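Listed here are the chains, written in short residue letters.
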Amino acid sequence: MKGDIEINNKVPENEATKTPMHILEEALEYSKFGYFNYKLMFATLMSVFSFTSVTTTSSYILSSAECDLNMSIMQKGLLNAMPFFGQVVAGPFTGFVTDALGRKMFLIWGHAGILACALLEGTSQSYWMLLLGKLLDGIFLSFTFSATAVMVTEFTHKGVRDRVLLVYSSFMSSSLILCALVAWGILTNPWDFIIIKGYLEFHPWNIYLYSTAITSFIAMLLYIHLPESPKFLLTLGKESEALEVIKRMYHENSGQPKDSFPITSFNASGVHYTPENISIKKQLTNALLQSKELFMRPLIFILMLFAISTFVNLFAYSSLRLWFPQISTIIENHQSKHGGETDRFCVMIDGYTSELANNVSLAAANNSISDICVPHTAGADTYINGIILGFLSLALILISTALVDFVGQKLLMFVLFIACATCSASLYWTSSSISIGILLAATCALMQCALSLQNTVLMRSVPTTVRALALTLIIMLGRVGSLVGSVLFPVMLEGGCMFPFMTLSIITLCVAGLVYFFPNPKKENSAAGDK
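Quick caveat, the model's predicted, so the values are computed rather than measured.

Participant: Describe the overall build of the protein chain, with residues and values.
Facilitator: Helix and strand content of the protein chain: 19 helices and 2 strands. Taking all 531 residues of the protein chain together, 59% fall into the buried category. Partitioning the contacts of the protein chain with sequence separation of at least 6, the portion at a separation of at least 24 is 83%. Carbon together with sulfur atoms contributes 67% to the accessible area of the protein chain, which is approximately 20900 Å² in total.

Participant: Explain the nonpolar core to me, and be specific about the residues and the numbers.
Facilitator: Core analysis: the largest hydrophobic core is formed by 96 residues, its most contacted members being Y317, I327, F345, F417, L440 and F501. Filtering out sequence-adjacent residues up to four positions away, F345 remains in contact with I327, I331, L427, T430, I436, C497 and F501.

Participant: If you had to explain the pattern of salt bridges to someone new, which residues and values would you point to?
Facilitator: Taken as a whole, this structure holds 6 salt bridges when the rule is applied. Between E121 and K134 there is a salt bridge, with its nearest N and O atoms 3.6 Å apart. One end of the pair, E121, is in helix α4 (residues 104-122); the other, K134, is in helix α5 (residues 127-154), with 13 residues separating them in the sequence. Looking at K134, the relative accessible area reads 1%, which means it is buried. Here the salt bridges do not stand alone but share partners, grouping K39, R248 and E252 into one network.

Participant: Explain the packing of aromatic side chains residue by residue, including any values.
Facilitator: If you walk through the whole model with that rule in mind, you get 11 aromatic pairs. Ring plane angle 55 degrees and centroid distance 4.9 Å describe the contact between F51 and F145, whose orientation is recorded as tilted. You can see F51 sitting in helix α2 (residues 35-61) and its partner F145 sitting in helix α5, a full 94 residues away along the chain. Taken together, the aromatic side chains of Y60, W184 and Y383 make up a single cluster linked through ring pairs. Sitting above the plane of the Y516 ring, K410 keeps its charged end 5.9 Å from the centroid.

Participant: Residues and numbers for helix α10 (residues 239-254), please.
Facilitator: Helix length check: α10, at 16 residues, gives a terminal C-alpha distance of 22 Å against a target of 22 Å (1.5 Å per residue), a fit within 8%. Buried within α10 we find E239, A242, L243, V245, I246, K247, M249, Y250 and N253. Next to the buried residues of α10 lie α1 (20-31), α2 and α9 (230-235). Downstream of α10 by one or two residues, G255 has phi in the positive range, about 80 degrees.

Participant: Just give me the short version of the packing of helix α6 (residues 161-187) against helix α7 (residues 204-211), but keep the residues and values in it.
Facilitator: Relative orientation of the contacting elements α6 and α7 amounts to 145 degrees, with a least axis distance of 9 Å. In the crossing of α6 with α7, the sense of the turn from one axis to the other is right-handed. Residues C179, V182, A183, I186 and L187 of α6 lie in contact with α7, whose contacting residues are P204, W205, I207, Y208 and S211. The residue makeup of the contact of α6 with α7, split by class, is 9 nonpolar, 1 polar and no charged.

Participant: I'd like to hear about unusual backbone geometry, residue by residue, with values.
Facilitator: Notably, K32 is not glycine yet its phi reads approximately 65 degrees, a positive angle. Relative to the assigned elements, K32 resides in the loop between α1 and α2. Despite not being glycine, N70 has its phi angle at roughly 50 degrees, a positive value. Mapped onto the elements, N70 comes out in the loop between α2 and α3 (73-101).

Participant: Tell me about the side chain of N80, residues and numbers included.
Facilitator: On the secondary structure map, N80 appears in helix α3. If near-sequence neighbours (up to four positions away) are discounted, N80 is found in contact with S58, S59, L62, L322, W323 and S486.

Participant: An account of the environment of T188 is requested, with residue identities and associated values reported.
Facilitator: Tracing the backbone shows T188 in the loop between α6 and β1 (193-196). The class of T188 is partly exposed, set by a relative accessible area of 40%. Between the alpha carbons of T188 and W205 there is a distance of 9.6 Å; along the sequence they are 17 residues apart. For T188, the side chain forms a polar contact with the main-chain oxygen of W184, separated by 2.5 Å.

Participant: How would you sum up the environment of F145? Please name residues and give values.
Facilitator: Under the relative-accessibility criterion, F145 is labelled buried at 15%. Taking the C-alpha atoms as reference points, F145 and S50, separated by 95 residues in sequence, lie 9.9 Å from one another. Apart from the residues within four sequence positions on either side, F145 is in contact with F51, Q87, Y168, I475 and R479.

Participant: Account for the packing of helix α14 (residues 380-407) against helix α16 (residues 433-461), with residues named and values stated.
Facilitator: Closest axis-to-axis distance for the α14/α16 pair is 8 Å, and the angle between their directions is 40 degrees. It follows that α14 is oblique to α16 by the angle criterion. As α14 packs across α16, the resulting crossing turns out to be right-handed. Contacts between α14 and α16 involve N385, I388, L389, L392, S393, L396, I397, S400 and V404 from the former and G437, I438, A441, A442, C444, A445, L446, Q448, C449, S452 and L453 from the latter. Along the lines of polarity and charge, the residues of the contact of α14 with α16 split into 14 nonpolar, 6 polar and no charged.

Participant: Can you break down the side chain of E228 residue by residue, with the values?
Facilitator: By secondary structure assignment, the location of E228 is in the loop between α8 (213-224) and α9. Among the polar contacts listed, one links the side chain of E228 to the backbone nitrogen of R103, at a separation of 3.1 Å. Separated by 3.4 Å, the side chain of E228 and the backbone nitrogen of K104 make a polar contact. Excluding anything up to four places from it in sequence, E228 contacts L101, G102, R103, K104, F155, L233 and V245.

Participant: Provide a residue-level description of a nonpolar patch on the surface, including the pertinent values.
Facilitator: On the surface, I399, L403, F406, V407, L411, F414, V415, I418 and L509 cluster together into a nonpolar patch covering about 820 Å² of accessible area. Going through the elements one at a time, α14 and α15 (409-426) are the ones with two or more residues in the nonpolar patch. On the secondary structure map, I399 appears in helix α14.

Participant: Quick one: what's the story with α7, residue by residue and with numbers?
Facilitator: All buried positions along α7 are accounted for by P204, W205, N206, Y208 and L209. On its buried face, α7 is in contact with α2, α4, α5, α6, β2 (200-202) and α8.

Conventions used here
- Throughout, residues of each chain are indexed from 1 in the direction in which the sequence is written.
- Per-residue local features are limited, in this predicted model, to residues with pLDDT of at least 70; the limit for side-chain atom pairs, both in listing and counting, is 80 or more; totals at the level of whole chains, interfaces and linings are taken over all residues.
- Here the side-chain values reflect all heavy atoms present in the structure, with hydrogen atoms and water set aside.
- A run of H or I in DSSP becomes a helix once it reaches four residues, and a run of E becomes a strand once it reaches two; helices and strands are each numbered from the N terminus.
- We call a residue buried when its accessible area falls under 20% of the maximum for its residue type, exposed when it is over 50%, and partly exposed in between, using a 1.4 Å probe and counting protein chains only.
- Note on definitions: a residue-residue contact is assigned when non-hydrogen atoms from the two residues lie within 4.5 Å.
- Throughout, the Shrake-Rupley method with a 1.4 Å probe supplies accessible areas, and for residues the shown protein chains are the sole cover considered.
- Nonpolar cores were defined as sets of buried Ala, Val, Leu, Ile, Met, Phe, Trp, Tyr and Cys residues, with membership established by side-chain atoms within 4.5 Å.
- Between Lys or Arg on one side and Asp or Glu on the other, a salt bridge is scored when a side-chain nitrogen of the former is within 4 Å of a carboxyl oxygen of the latter.
- In this scheme Phe, Tyr and Trp rings, the latter by its six-membered ring, pair at centre separations within 6.5 Å, and the angle between planes marks the pair as stacked below 30 degrees, edge-to-face above 60, and tilted otherwise.
- Think of it as a cone above the ring: NZ of Lys or CZ of Arg counts as a charge over the ring if it is within 6 Å of the ring centre and within 35 degrees of the ring normal.
- Each residue after the first adds 1.5 Å to the expected span of a helix.
- Between N-to-C directions, angles cover 0 to 180 degrees, with each direction set by a line fitted to C-alpha atoms, over the stretch in contact for helices.
- A crossing counts as left-handed when the near helix is turned anticlockwise from the far one by less than a right angle, and as right-handed when that turn is clockwise.
- Note on residue categories: nonpolar means Ala, Val, Leu, Ile, Met, Phe, Trp, Tyr, Cys or Pro, charged means Asp, Glu, Lys or Arg, and polar means any other residue, Gly included.
- Here a polar contact means two N or O atoms within 3.5 Å. Within protein one must be a hydrogen donor candidate and the other an acceptor candidate, and residues neighboring in sequence count only if both atoms are side-chain atoms.
- Here is the rule for angles: anything less than 35 degrees is roughly parallel, anything more than 145 is roughly antiparallel, 65 through 115 is roughly perpendicular, and the remaining ranges are oblique.
- A patch consists of residues whose relative accessible area exceeds 30% and which take part in no salt bridge; residues with like charges are grouped when within 9 Å of each other, and nonpolar side chains (Val, Leu, Ile, Met, Phe, Trp, Tyr) when within 5 Å.

Remember, this is a structural readout, not a statement about activity or role.
Following this line, the structure appears as C-alpha cells:
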C-alpha cells in the first residue's frame, strides 16, 4: 500500500524518510493545544487528586485515629506504606497490560476500583480492615498512575510537551493543598455517629476517607468520554482509528470540520500492520514481544539508571511527606503542653516516641485503650503546614516550567537535589516551629519538583511501545523505596530523631551525582519529539 501525507496537495521531499511517529508528531502540531487538551488536563487533574488521596489520607488520620484503632508508631508506618505495597505487587502486570490493551480501559476501571476502596476504608471499624482497603487501593492505583502520565504525553506535541508535563506535576502540588484543606475542614470537627456501639461507629476520619471518593468518581466519568491514545493505536497499526482521534482533537481545538484536516495518512500500514479485530490474546503476545526491547541495550541501562534514582528519591520523599502531618502535630502538642514554647527539633520528636511507646504498652497490659489513650489531635498549624508544602511545590514547578527550556532538565534536577539535601540537614539546628515547618515543606517540595523533571526525561527517552511498562517498572521500584522508607522511618525515629534526616540528606546528594548520566531527550529526539 502506498501511503502519503497530503498538506495542501504538496508532498514534502523528505516524506519517504519520515516514520509514522514523525507524521503523528506533525499531526499533533496541526491540532494545536486547545479545548480538547483542556478537557484531558481536567480529567488528569481529577485523576491526580484521586491517586494522591490514596497515599496521603493515611498521614492525616494517624493522629485522629490513633486511639480508635490503637495504633503503635510501627503500625502507623505500615498503614502509610500499604498503598505502596499494593503498587509493588501489581506494578509489572499493570504496566504490561496497559501497553498491550491501551490506556483508556485501565484509567476507567482503575478509578472505579479506587472509588470502591474509598467506601471500604470509610466504613472501616478496625485497623486491619483499613489496612486491607489501603492495600487494594494501591493495586488499583498502579493501573491509573502510569496511564495518566502517558495519556497526557501522547496527546501533546513536542513544542509544549515539557511544559505540559510540568503542569501535570503541579497537579500533585494542588492535590496536596486540597487534601490538607479537606482534612482541616473535616478532622477538626467533633463528629461522632454511633449506629451499633462497638461495631459500627463513625468518626471524623471515617468521613474524611469517604470524601476522597468524589474525585475518583469524577475522573472515571471524564475518561469514559475521552478517546484512546493515538500513539497507542498507531503502534497497533490501527491507522484509521488513530487518524480519527487526531481529527476529533483538531476539530475541538480549532472549530474546523474534521474533513479539513490536512494530514490524510500516517504512512503506517506497511510498518505496523495489525488486523482491525485483533484478539486480546494477540495483543498481549505482541506486547510481550515488544517489551523485550526494554531489556536490551541501550534501554536497559536507561531503565537501571532511573530505577536506582527513583528508588532512592521516593525512599526519602515519601517517608518524609507522609510523616510530615504527624511531625507537625507532635510539635503543636509539645507547644500546647509547654505554654507555647518549643524545644530543639529532636527533643520534641524523641519525647513523643517515648510517650507513645509507653501508652501502647499500658493499653496492651490492660486490654483496653479508652481509659489510657489520649489522641494527639492536630491543630491548625498541621494543616497550614500541609498547605504550605503544596504551595511551595506548586511555586517550584511553575518556576521550573519557565526555566526548563533555557536551563535544561539535568541542571535543574542537580540544583534541586542539592537544595533538598541542605534543607533536610538543617533541621538538626532548628527549634522554631515556623522554621521547622518551612524546612520540612521545602525538602518535600524540592524533591517532588526534581522527581517531576526526572519522569519527564524518562517518558521522552523510551519508545511508545514500552513507555507504560517502563514507567510502571520505574514507579514500582520507586514504590519499593516508598514502602521501605515508610516502614523504616519510624524505626529510625525510635533510634534517634536526627538519624533519618541525615540519612535522607546523604542519599539525596548521591542521587544528584547520578543526574550527570541521565539521557538528554531534547537532543536525541529533536526531530520526532518522541520515540
